[in-house]
Amino acid sequence: MKQLSATNDFVIKFANINGSGSASANELFAKAILRMGVPVSPRNIFPSNIQGLPTWYEVRVNEHGWLGRRGGVDMMVAMNPQTWDADVREIEPGGYLFYDNSKPLPASKFRDDINVIGMPLTQLCNATYSEPRQRQLFKNIIYIGALSVLLDMDPEAIAQLIAEQYKGKEKLLAPNLNALKLGRDYATDNLQPIGLRVQRADNVGDRIFIDGNSAAALGCVYGGATVCAWYPITPSSSVAEAFQRYCAKFRVDPDTKQNRYAIVQAEDELASIGMVIGAGWNGARAFTATSGPGVSLMTEFIGLAYFAEIPMTIINVQRGGPSTGMPTRTQQADVLACAYASHGDTKHVLLFPEDPHECFEHGAVALDLADRLQTPVFVMTDLDIGMNQRLTAPFQWDDSRRYDRGKVMTAEMLDEGREFGRYLDVDGDGIPFRTYPGSHPDKGSYFTRGTTKNAYATYSEQGPDYIYNVQRLLRKFETAKNLVPQPVLQEASKTTRFGVIYYGSTSPAMSEAFASFEANGHHVDTLRIRAFPFSDAVSDFILNHEHVFVVEQNRDAQLRTLIVNELGIDPARVIPLLHFDGTPITARFITREIEELMQALNAQTLRQDKVA
């Protein structure tokens, strides 16, 4: 039978039951390969209940450093009878099925074109351990031990990770090491070598391994945030939890031991966003972390901050929707909801990080932009980036960098006789001056309103005053076009009439797809959008190509809709390419779909040329 053969380039997927303790063992497996100098990209696909439902952990091993999902599975570790049939179908022809053969299965449960590796895991555990929980937990470590033999992994890398995990807990360390040895010994004595192999390399370099939620939280610390108010919601809760850890390390006065930060777990999303607005009004840098349902509840307060022009940052870790949707699945499903959140005429700044490195950068940049523009700013990450660990470039911070607090009227400026109108546009960029509370004993005060007002914050329902303010807010949004992160262009090796626009977590799969296009002679230029409002480079890119594919992970082509609405682009020029089943998009999906569309469009052009 054919056997897939690959060194440092394969996909292995673990099919487990949620609550079985498999996640930590599977993560151990991924990190051990990383310790061998081979890049990995793991993704945890888990249900929203506590235990009992299926969960999967997919590890992309790729020496060249592709970090997106490839598509397809070369080896399936099938530990869940409930999902057996679907799991077996995913395996590539010539691939491998590793399973617990303690109980025999009928031949109909297997495929003729895959290689089956059975190991009596349950029997081994029952013979070794007496407690049910031990049997469940150590089964995971035993199969990791067996896989380390089958894949020729360095056992010391795994043993070292176990030692680090249980440092100071020697009672747990020895049993885990024994379970690892039990799996290795059985595989060495009873299992045959396979075609997949991990070989030591030096391709990780100085990159770090971190999830996007932690990175965004650290970016907020470095960006000067001192206030976080939040309400727990998957998949964003770990942003606030990470912020708390980092603040405990970096925001405690070394002399007085007093905390220089405030973190409040509010009673609901409305309370949390209200606290953030209050902190921003007082001059603190403040943020909240949430997901789509939280944004829905915060919408009225977001409109208040927009119209009253109060800085704040919202980190939206998007998930499957609508409504409560699939809280533990990923999508780019909140683009339109956040761009126009609130009532009436509003437009909000959105940032689209591609990985944890940009989560760190955009976390800090968002706080600067919120102050500079005096408005809400959204960091639009998602579950794939936020909750999965990813190899990424080390974070960098210039210690000479100063926070951009924007236009703040100081007491000295007021004493000099500077005219102060809270909503007065003094230089045509749409951004007025503000004062901090208590800046001056008798100058620079104003009444903060969500209702209409004139340029001097005096209550007004006069049409001209309202028009002045909303037009000024539109000028401010135009100003933002040159302040937000600019798009990234990647040109094909040959001139082409095809372009691709993408954003956020689509990036790693798109990078691999681009290389595939080049190798196959299907040339496309790509533009990664990093922010809304769109810079002129976006419309230029579209107008420079006959056909532009917009790759998104949502049903309704939300970014494409935003492009058509905001740039006045002919909808026929921008072709949606959509993936929205809740799993991260794959390089194979992008490559297949775009190549099929290109072939169809090329054939259409040939027919039109013949008619002409």
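Residues numbered from 1 in each chain as written. Predicted model: local features only at pLDDT ≥ 70, side-chain atom pairs only at ≥ 80, totals over all residues. Heavy atoms only, no water.

Moving on: the packing of helix α16 (residues 507-520) against helix α19 (residues 587-611). Put simply, α16 and α19 touch, their axes get as near as 8 Å, and they point 45° apart. Relative to α19, the element α16 is oriented oblique. Of the two elements, α16 crosses α19, and the hand of that crossing is right-handed. Every residue of α19 that contacts α16 at Ala509, Met510, Glu512, Ala513, Ser516, Phe517 and Asn520 is listed here: Ala587, Ile590, Thr591, Ile594 and Glu595. Of the residues assigned to the contact of α16 with α19, the class counts are seven nonpolar, three polar and two charged. (Axes fitted to C-alpha atoms, helices over the stretch in contact; angles between N-to-C directions. Helix = DSSP H or I, 4+ residues; strand = E, 2+ residues; numbered from the N terminus. Parallel < 35°, antiparallel > 145°, perpendicular 65-115°, else oblique. Left-handed = near helix turned anticlockwise from the far one by under 90°. Contact = heavy atoms within 4.5 Å. Nonpolar A, V, L, I, M, F, W, Y, C, P; charged D, E, K, R; others polar.)

Looking now at the sheet that holds strand β7 (residues 115-119). In a beta sheet, neighbouring strands are held together by backbone hydrogen bonds and run either parallel or antiparallel to one another. Strand order in this open sheet of six strands is β3-β4-β2-β5-β6-β7, and the pairing throughout is mixed. With partners counted over all chains shown, the strands left at the sheet margins are β3 (40-45) and β7, one partner each. Between one strand and the next, the sheet's axes are offset by a mean angle of 15°, whatever the strand orientation. Where β3 lies against strand β4 (residues 54-62), six bridges are found, and the strand directions are antiparallel. Counted as the bridge partner of Ile45 is Trp56 from β4. Of the strands in this sheet, β2 (9-17), β5 (73-78), β6 (91-100) and β7 are in contact with helix α4 (residues 132-150), which crosses β2 at around 165°. (Pairing = 2+ DSSP bridges.)

One pass over the full model with this rule turns up 19 aromatic pairs. Judged by centre distance (5.1 Å) and plane angle (65°), the ring pair of Phe532 and Phe534 falls under edge-to-face. On the accessibility criterion, Phe532 (1% relative accessible area) is buried. Put simply, the rings of Tyr222, Phe250, Phe360, Phe395 and Trp397 pair up and form one aromatic cluster. Sitting above the plane of the Tyr423 ring, Lys453 keeps its charged end 4.5 Å from the centroid. (Phe/Tyr/Trp six-rings, centres within 6.5 Å; stacked < 30°, edge-to-face > 60°. Buried < 20%, exposed > 50% of the residue type's maximum accessible area, 1.4 Å probe, protein only. Lys NZ or Arg CZ within 6 Å of the ring centre and 35° of its normal.)

So, about the domain arrangement of the chain. Per the domain assignment, the segments making up the chain are domain 1 (6-197), domain 2 (210-392), domain 3 (411-483) and domain 4 (488-611). Between the C-alpha centres of domain 2 and domain 3 the distance comes to 25 Å. Between domain 2 and domain 3, the residue contacts involve 20 residues of the former and 24 residues of the latter. Between domain 2 and domain 3, a total of about 1,900 Å² is buried, with carbon and sulfur atoms accounting for 59% of that surface. (Domains from an automatic or database assignment. Buried area = accessible area lost by both parts, 1.4 Å probe.)

Bringing the pairing of strand β22 (residues 574-578) into the picture now. Here strand β21 (residues 547-552) runs beside β22; their pairing, made up of five bridges, is parallel. Pairing of Glu552 across the sheet is with Leu578, part of β22. Handedness of the β-α-β unit built from β21, helix α18 (residues 558-567) and β22 comes out right-handed. (Right-handed = clockwise from strand over helix to strand, strands pointing away.)

The subject of this paragraph is helix α17 (residues 536-543). Within α17, the full set of buried residues consists of Val538, Ser539, Phe541 and Ile542. One side of α17 holds all its buried residues, which, seen down the axis, span an arc of 155°. If you follow the buried residues of α17, they end up packed against β17 (488-490), β18 (498-503), β19 (525-529), β21, α18 and β22. (Arc of directions from axis to C-beta.)

This next bit is on the environment of Asp398. One can find Asp398 in the loop between β16 (389-392) and α14 (411-415). Here Asp398 falls in the partly exposed class, since its relative accessible area comes to 47%. Spatially, the C-alpha atom of Asp398 lies 36 Å from that of Ser296, the residues being 102 residues apart in sequence. In terms of polar contacts, Asp398 uses its side chain to reach the side chain of Ser400, at 2.7 Å. (Polar contact = N/O pair within 3.5 Å; in protein donor to acceptor, adjacent residues only side chain to side chain.)

Turning to the sheet that holds β18, a few remarks are in order. Ordered by their spatial adjacency, five strands build an open sheet running β17-β19-β18-β21-β22, and the pairing between neighbours is mixed. The outermost strands of the open sheet, each flanked by one partner alone, are β17 and β22. Taking each pair of neighbouring strands and ignoring which way they run, the sheet shows an average axis angle of 20°. Direction of pairing for β18 relative to β21: parallel, over a ladder of four bridges. Looking across to β21, one finds that Ile501 is bridged to Val550. Set on the sheet, α18 makes contact with β18, β19, β21 and β22; between it and β21 the angle comes to about 135°. On the sheet, α19 packs against β18, β21 and β22 and is oriented at approximately 145° with respect to β22.

You can see Ser507 is positioned in helix α16. Note on Ser507: relative accessible area 4%, which makes it buried. In this structure the side chain of Ser507 is engaged in a polar contact, spanning 2.3 Å, whose partner is the side chain of Glu354. Setting aside its immediate chain neighbours within four residues, Ser507 contacts Glu354, Tyr502 and Arg528.

It is worth spelling out the side chain of Asp87 at this point. Note that Asp87 resides in helix α2 (residues 84-90). A distance of 2.9 Å separates polar atoms of two side chains, one belonging to Asp87 and the other to Trp56.

To continue, consider the pattern of salt bridges. Under the counting rule described, the total for this entry stands at 37 salt bridges. A salt bridge links Lys407 to Asp429; the nearest nitrogen and oxygen atoms lie 2.9 Å apart. You can see Lys407 sitting in the loop between β16 and α14 and its partner Asp429 sitting in the loop between α14 and α15 (463-480), a full 22 residues away along the chain. Note on accessibility: Lys407 and Asp429 belong to one class, buried. In this structure, a network of salt bridges that share partners links the residues Arg285, Asp368, Asp371, Arg401, Arg405 and Arg434. (Salt bridge = Lys/Arg side-chain N within 4 Å of Asp/Glu carboxyl O.)

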